[in-house]
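Survey of secondary and tertiary structure
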Amino acid sequence: MSSASQVAERDVPFQLRGNSFTMMVLKVFAPTSPNFFTQLNVKVRQAPNFFHNAPVVLDFDDLPESVVFDLGAFVAQVQALHLLPVGFQGGPQPVREAAMAVGLTPMPSGRAAKLEEVVKAPDPRQPDQQAPIAAPQVLIEVVHRPTLVVTEPVRSGMRVYAEKTDLIVTSSVSPGAELLADGNIHVYGALRGRALAGFSGDTNARIFCHSLEAEVLSVAGNYRVSEDIGSDFYKKAVQVFLRDGVLSMDLLKTG
Amino acid sequence: MSKIIVMTSGKGGVGKTTSSAAFATGLALRGFKTVVIDFDVGLRNLDLVMGCERRVVFDFINVINGEAKLNQALIKDKRIENLYILPTSQTRDKDALTREGVEKVLNELSKDFDYILCDSPAGIERGALMSLYFADHAIIVTNPEVSSVRDSDRILGVLNSRSRRAEQGLEPVTQQLLLTRYDPERVEKGEMLKVDDVLEILAIPLLGVIPESQAVLRASNVGMPVILDEVSNAGLAYSDAVGRFLGEDIEHRFVTPQKKGLFSRLLRRSA
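Scoring rules and cut-offs
Residues numbered from 1 in each chain as written. Chains lettered and ligands numbered in written order. Predicted model: local features only at pLDDT ≥ 70, side-chain atom pairs only at ≥ 80, totals over all residues. Heavy atoms only, no water. UniProt positions renumbered as here; feature names shortened; annotations may be inferred. Contact = heavy atoms within 4.5 Å. Buried area = accessible area lost by both parts, 1.4 Å probe. Salt bridge = Lys/Arg side-chain N within 4 Å of Asp/Glu carboxyl O. Polar contact = N/O pair within 3.5 Å; in protein donor to acceptor, adjacent residues only side chain to side chain. Helix = DSSP H or I, 4+ residues; strand = E, 2+ residues; numbered from the N terminus. Nonpolar A, V, L, I, M, F, W, Y, C, P; charged D, E, K, R; others polar. Pairing = 2+ DSSP bridges. Axes fitted to C-alpha atoms, helices over the stretch in contact; angles between N-to-C directions. Buried < 20%, exposed > 50% of the residue type's maximum accessible area, 1.4 Å probe, protein only. Expected span 1.5 Å × (residues − 1). Arc of directions from axis to C-beta.

The name an unreviewed UniProt entry gives chain B is Septum site-determining protein MinD, with Azospirillum palustre as the organism. According to the UniProt record, the Sequence similarities (unreviewed entry) comment for chain B is "Belongs to the ParA family. MinD subfamily." The Subunit (unreviewed entry) field of the UniProt record for chain B holds the comment "Interacts with MinC and FtsZ."

Here you go:
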């Protein structure tokens, strides 16, 4: 039973809950500057979808004490750029009073995150492209996790784990060393230790090596020990993968 | 500023103490003020190989614990100028080695000495870790057989991850291979690994190849570093290795079987 229907069954017409929202803060330094809205307009046009009807909090913290300007007109001009001022923070007393009078909510000061990078992120050549707010940084991590590259020899007793990614070793892997990767494993020196690809169960993972002298090879838990590898593949460039669920080896064409 | 060298191998019985004694003596012979420290607490051997076992009063552990001053524990070699031995305790164990204590002693020694040579115990536990932790340079002693090579590989990994230089992200410890007990005839018969086989796995520069020689055991038993035996192949090979360590360009010898004429048969018997 979902929580929504639980609520409906109760005899209360509402529920009060705390929640937090991410909002942009528009820091206002010089509201009377003739360039204020032209420059803000330029910024907004860089990512129209991102800014369209976005709630903003006006930050008056950095306004000089003596500033005099028409807050009502200011808010109207911000709205004209399709930004929705919903609250304000800081500022001299007269400005605060004027802000309350036009219906803005005084916000407790929060911890500001820099938006500048996010604003730059959309490609200027495609201004209409969908530009998610905080998503870009998160997406980058999910879509592309950098491959783990090891350039030093992997010595006996060492264990290298490429979590959720591929592993590339450009030198040799000694007997008694262990390579683990959730993705593929590439070894450009001699592979003399153990190599376990698809360590978390990816059956599409493969092992590629320049000279196969391994103790143990495994893809997604299907393994073969060196006794079973066979002399046809010994010291050859080989790829190891699952063919219909069976660990298979193919010679790689080199040169 | 003195240089700290560790003589290590992982595996036991490959010739660390013999090599430490020979190497320290070789450095001192070339005029460098050198001290060799026994890190094999509880299995004190270096003093025997150096022939100073009857002069040990205080030891390394006494100095670490503040029970003796460093110059009370240091033993000056009677044969070679500039050569000192810091023996270890036979009655304590490796837990007596603290990082702070070892550092304190090494700092004090580095004021006076050009080279500090640490003779590591076998294994990869506390004794070995303490002996290699402060090293600037490591000499890996390996026999031409698979288990020794694998253990050397392991200790190289330890050097790369658990030495002070590794932990502090400084220039890595430089590493060189000393291949000991090498018997070219058995290598030719396929009973021992070739130099190249060992180098292929360990992938570090070759400092020297010390041939299997009866002179080594003989020298140990009389408490004389084998490098002082100037007619033995082993002594000459150690001398070459010290020269290479100091940057001299010396060709490797004793890596191929010698031609057996009557003359060389006679010579070999006496060597």
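Once the structure has been displayed, the description carries forward.
On to the interface of chain B and chain A. Taken together, the contact pairs twelve residues of chain B with eight residues of chain A. For the chain B and chain A pair, buried surface summed over both sides reaches about 890 Å², with 41% attributable to carbon and sulfur atoms. Interface area lost by chain B to chain A is led by B:Arg150, B:Asp153 and B:Ile201, which between them contribute 48%. Linking chain B with chain A are three salt bridges, by the criterion used here. Between A:Arg155 and B:Asp153 there is a salt bridge, and its shortest N-O distance comes to 3.0 Å. Viewed at the interface, chain A and chain B are joined by six residue pairs in polar contact (both at pLDDT 80 or more). Those elements giving two or more residues to the side of chain B that touches chain A turn out to be helix H7 (146-162) and helix H10 (195-202) of chain B. In terms of residue count, H7(B) provides more of the side of chain B that touches chain A than any other element does, six residues in total. Among the residues forming the side of chain B that touches chain A, the class breakdown is five nonpolar, three polar and four charged.

A separate point is the sheet that holds strand S14 (residues 238-243) of chain A. Residue and element names in this part refer to chain A. Strands sit in the order S5-S7-S9-S11-S14-S15 across an open sheet of six strands; the sheet is mixed. For this open sheet the edge positions go to strand S5 (148-150) and strand S15 (246-251), each flanked by a neighbour on one side alone. Strand-to-strand twist of the sheet, defined as the mean angle between neighbouring strand axes without regard to direction, takes the value 20 degrees. Where strand S7 (residues 167-169) and strand S9 (residues 185-191) come together, three bridges link them in parallel fashion. The partner of Ile168 across the bridge, within S9, is His186.

Residue and element names in this part refer to chain B. For Gln176, the position within the fold is in strand S7 (residues 174-182). For Gln176, a relative accessible area of 14% puts it in the buried group. Of note is the side chain of Gln176, whose polar atom sits 2.7 Å from the side chain of His137. Sequence-distant contacts of Gln176, defined by excluding residues within four places in its chain, comprise His137, Ala138, Ile139, Ile140, Ile204, Pro205, Leu207 and Phe245.

Let us now look at the pairing of strand S1 (residues 24-27) of chain A. Residues and elements named next belong to chain A. Residues Met24 and Leu26 of S1 are buried on one face, while the alternating residues Val25 and Lys27, pointing to the opposite face, are not. Relative to strand S2 (residues 54-59), S1 runs parallel, the two sharing four bridges. Within S2, the position partnered with Met24 by the bridge is Val56.

Take helix H5 (residues 99-110) of chain B next. Residues and elements named next belong to chain B. Its twelve residues give H5 an end-to-end C-alpha distance of 16 Å, which sits within 8% of 16 Å, the value for a rise of 1.5 Å per residue. Among all positions in H5, only Gly101, Val102, Val105, Leu106, Leu109 and Ser110 are buried. The arc that holds the buried residues of H5, viewed along the axis, is 160 degrees, so those residues lie on one side.

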